[in-house]
Amino acid sequence: MDIGGAYGGGKAGGAFDPIAFVQRPTVILRAVCWLFAIIVFGCISSEGWREEANGKEYCIINRDGNACNYAVGIGVIAFLAAMGFIAGEYLFEQMSSVKTRKHYVLADLGFSAFWSFLFFIGFCYLTNQWGKADDPPNGEGVNNVQASIVFSFFSIFTWAGCAYFAFLRFKAGVDPSFSSTYESDPSAAQQYAAYPASNENDQFQEAPFSGQQQQQQQQQRADYSQPTY
């Protein structure tokens, strides 16, 4: 991962390279988080609910509606957040303020670590409730629930990876050697070379032939001042 610029980003205002952008580890990992989030909430939304004879719906995960709602909730928010952070990766290069980059990196670090923890809770919760649940009629929805549980487990590591990359950015930003070079004012660091001051001990040197010219001028004045007969 390139951590050479401000908080791991490049110089603001640089040319945008779409090929290099999609090849960044952070962008690739965000795309994986986005895909896993779709699987987590999509599988539960499509096959996680069944309708009883009286028209009332129930969650096939041990009839625990909270389990289905939890999986859908963290999946949807993770889906939206992953898209937002992918857009943030593009805008990150356009942030000229070091403080703005710092706030973005801290938000990335905090959210990614927290959502990794929520997926861990979700995986444990869904696994526990699914182990107690009765088999659905004709096995409908079994594959969907199992896929949601498996990809909840995978999401723990993808979001933890995002938090790790954000930590590397934050660590690069708070490095004293980095702060002393990047956050300093370029106009103050790069002064124009001033003309060298004259030394008081330096003696003034007359221009060449100046003494000879003065003698010629004095001789001409003397010739003009002589009376003519």
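Here is what the cut-offs are and how they apply
Residues numbered from 1 in each chain as written. Predicted model: local features only at pLDDT ≥ 70, side-chain atom pairs only at ≥ 80, totals over all residues. Heavy atoms only, no water. UniProt positions renumbered as here; feature names shortened; annotations may be inferred. Helix = DSSP H or I, 4+ residues; strand = E, 2+ residues; numbered from the N terminus. Buried < 20%, exposed > 50% of the residue type's maximum accessible area, 1.4 Å probe, protein only. Contact = heavy atoms within 4.5 Å. Areas by Shrake-Rupley, 256 points an atom, 1.4 Å probe, with all protein chains shown as cover. Disulfide = S-S within 2.5 Å.

- In the nomenclature of an unreviewed UniProt entry, the chain corresponds to Synaptogyrin from the organism Anopheles coluzzii.
- Under the UniProt heading Sequence similarities (unreviewed entry), the note attached to the chain is "Belongs to the synaptogyrin family."
- Under the heading Subcellular location (unreviewed entry), UniProt records this for the chain: "Membrane".

### Description of the overall build of the chain
Line of reasoning, step 1. The helix and strand inventory of the chain stands at eight helices and two strands.
Line of reasoning, step 2. Secondary structure of the chain in N-to-C order comes out as α-α-β-β-α-α-α-α-α-α.
Line of reasoning, step 3. Of all 229 residues assigned to the chain, the portion counted as buried reaches 33%.
Line of reasoning, step 4. Residue pairs at least 24 apart in sequence account for 78% of intrachain contacts in the chain once pairs closer than 6 positions are excluded.
Line of reasoning, step 5. Counting only carbon and sulfur atoms, one obtains 58% of the accessible surface of the chain, whose full area is about 14,600 Å².

### Side note on unusual backbone geometry
Line of reasoning, step 1. Phi is positive for R63, close to 55°, though the residue is something other than glycine.
Line of reasoning, step 2. Considering the arrangement of structural elements, one finds R63 in the loop between strand 2 (57-59) and helix 3 (65-92).
Line of reasoning, step 3. Judged by relative accessible area, which is 53%, R63 ranks as exposed.
Line of reasoning, step 4. The phi dihedral of N138 falls on the positive side, at around 60°, and the residue is not glycine.
Line of reasoning, step 5. If you trace the backbone, N138 turns up in the loop between helix 4 (98-132) and helix 5 (142-173).

### Points about the state of the cysteines
Line of reasoning, step 1. This structure, assessed with the given rule, holds one disulfide.
Line of reasoning, step 2. What pairs with C59 in a disulfide is C68, and their sulfur atoms sit 1.8 Å apart. Given an S-S torsion of about 65°, the disulfide between C59 and C68 has right-handed geometry. Residue C59 shares its accessibility class with C68, and that shared class is buried.
Line of reasoning, step 3. The thiol of C162 is unpaired, and the distance to the nearest cysteine sulfur, on C33, comes to 3.9 Å.
Line of reasoning, step 4. Classification of C162 as buried rests on a relative accessible area of 3%.

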